[in-house]
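# Architecture at a glance
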Amino acid sequence: MKMAVCIKRVADMETRFRIAADGRSVDQAGLKFDISDFDGYAVEVALQIKEKEGQGDITVLSLGPDIVQEQLRKALSMGADRAVQLKTDQVPFDGLLIARVLADALRDGGYDLILFGRMAIDSSNQTVGPMTAELLDLPCITAASGLDIANGRGTARRELEGAAELLEFPLPAVVTIDEGIARPRLPSLKGIMGAKKKPLEVKPVSLGEPHLTVKSMELPPERTGGRILGEGPAAVPELVRLLQTEAKVL
Amino acid sequence: MANTFAFAETRGGTLRKVALEAVTAARQIADATGGGEVHALLVGAPGVATQAERLGQYGADVVIVVENAALALYSPEVVAATAAERIRTGGYRAAVFSASAQGKDLAPRVAAKLGVSMAGDVTAFAVDGDSVVVKHPVNTGKVIATLALTGAPAVLTLRPGAVQAAEAARTPRVENAAPALDPAAARVVPKELITGNTAKLDLGEAPVIVSGGRGLRAPENFKLLEDLAAAFGNAAVGATRAVTDDGWRPHSDQIGQTGRLVSPDLYIACGISGAIQHLAGMRTSRTIVAVNKDREAPIFKLADYGIVGDVLEVLPALTEAVKRVKR
């Protein structure tokens, strides 16, 4: 089975972000970067399918400047076979532009399965996977929390609010991966050494005109909460009074 | 004066609360652009048309009803094709979907079919000339982006709870339509809707959420949260990632950046220290209460009201007090 996994380089979220001087982006200084969480699950899903079938070929793709090669190399060290950097100066916020470039890169690749994370943990748009599928006219499942591939068909589970659904689809297909499906493995030392010899192709691409643009970014207002009412069950009557009279939620 | 499109999400043939929020948001956009009409798309098995009246109550002027025996379950390709065709021919200024599991699946398909960009998970919006300006939390809610979406229609998904459904009663005109794609021709086929305890309020719909973390110390102590939720009568029980990872509660109950993003009127965090990933999922709640034995826990910085103490002692007292109020 020939598979592709589209991954994004994102900042580690366990940090206190600052807004950059331009007022429209996050200050990059001091940030650590990794493969976006859900994209890491998608890489793991591809590796497990390949292991289960005993054969297969996994291409990882990432759009952006040369620095994204770090994340492509990490995916190679996890076990992907080859990597493609779709080279641009920056990663746009408009998911449709990204989807168009990815669709062009994937269209003639002969992939049986194209995987994405369900969303990038930084921009949180959750649009690129299904948009790419539409542009390729491929069946698509979004936010799969379970996936079973056999005999050219797939069954996927999706988590809904307080429910879940099961869907069937034929290959080739696009599937975006939710968490809970697979914990990504850590690269082994052998994997890291081997990754250096695996092919990494750099393809310059040009992006279209964006129609979703960032006007500004700001930190959310600090809540002015922090009022401790008291200790233990003795504080409950005061809490109930405030919920009734001040917050008016009871 | 332009009309606005809203997708009316249903489950099991009944409107979801987010459908009314989408119609309310579409009404606001229509009113802000000169008072055009709101057209709501309602798709389902025969009988779903009975829901049209309720959409009118919340401001839909026209309800496009697509009834088909094969559409009892959400069929992504059929609904996307049907919505895209209607939006293409309708000349709408904007198309509003919910940022629910279904809406987040549907809207990008529709936008790509139409060849337009879209804004996802929007918490606020305003029409500003040729653009729709939206707020959208990024980086696990630690940064708020203000985005400009240009072009028409402006496709957006609205975070559940970002808009309060508001009545704007009218008697809608009902138009019957056929699906734009024969359900038998769809490649992706829905097989089953798995519902748990259907009496249980969903986290995205419940006005009150009581949520537990490791501070509850054992899975069986979640009974205390269920008792409190039952005392409220309109509450759902949530959990932290630590708790769902340990299998104390189902994965679907997880509130946090990688789980559910909720904005209830009242959020009661019990035995939750306030990890960043959890706060990202609930920080937009209207009122936050925290009960935790550690006075230095980060959750107290976010909470409007805090009680320092053992949740196992505080919860039964709170449940009794709520019962007395609700009696």
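The structure contained in this document is the topic of the report that follows. (Residues numbered from 1 in each chain as written. Chains lettered and ligands numbered in written order. Predicted model: local features only at pLDDT ≥ 70, side-chain atom pairs only at ≥ 80, totals over all residues.)

### What about unusual backbone geometry?
Here the amide bond leading from A:L171 into A:P172 is cis, since omega sits at 0 degrees, within 30 degrees of zero. The step from B:A152 to B:P153 runs through a cis peptide bond, and the omega angle for that step is -5 degrees. Relative to the helices and strands, B:P153 resides in the loop between β10 (143-150) and β11 (154-158). In this structure, A:D137 is a non-glycine residue whose phi angle is positive, near 55 degrees. In this fold, A:D137 is placed in the loop between α4 (128-136) and β7 (140-150). With a phi close to 45 degrees, B:N139 is a non-glycine residue in the positive phi region. Its location among the elements puts B:N139 in the loop between β9 (131-138) and β10. (Helix = DSSP H or I, 4+ residues; strand = E, 2+ residues; numbered from the N terminus.)

### Section: the interface of chain B and chain A
Contact residues are listed per partner, giving 73 residues for chain B and 70 residues for chain A. Sort the elements by how many residues they give to the side of chain B that touches chain A and helix α4 (residues 101-114) of chain B lands first, with nine residues. Classifying every residue of the side of chain B that touches chain A by side-chain character gives 39 nonpolar, 19 polar and 15 charged. Of the strand pairs in this sheet, strand β12 (residues 212-218) of chain A and β10(B) are connected by six bridges, and their pairing is antiparallel. Looking across to β10(B), one finds that A:E218 is bridged to B:I144. (Contact = placed C-beta atoms within 7 Å. Nonpolar A, V, L, I, M, F, W, Y, C, P; charged D, E, K, R; others polar. Pairing = 2+ DSSP bridges.)

Nothing here speaks to function; it is geometry throughout.
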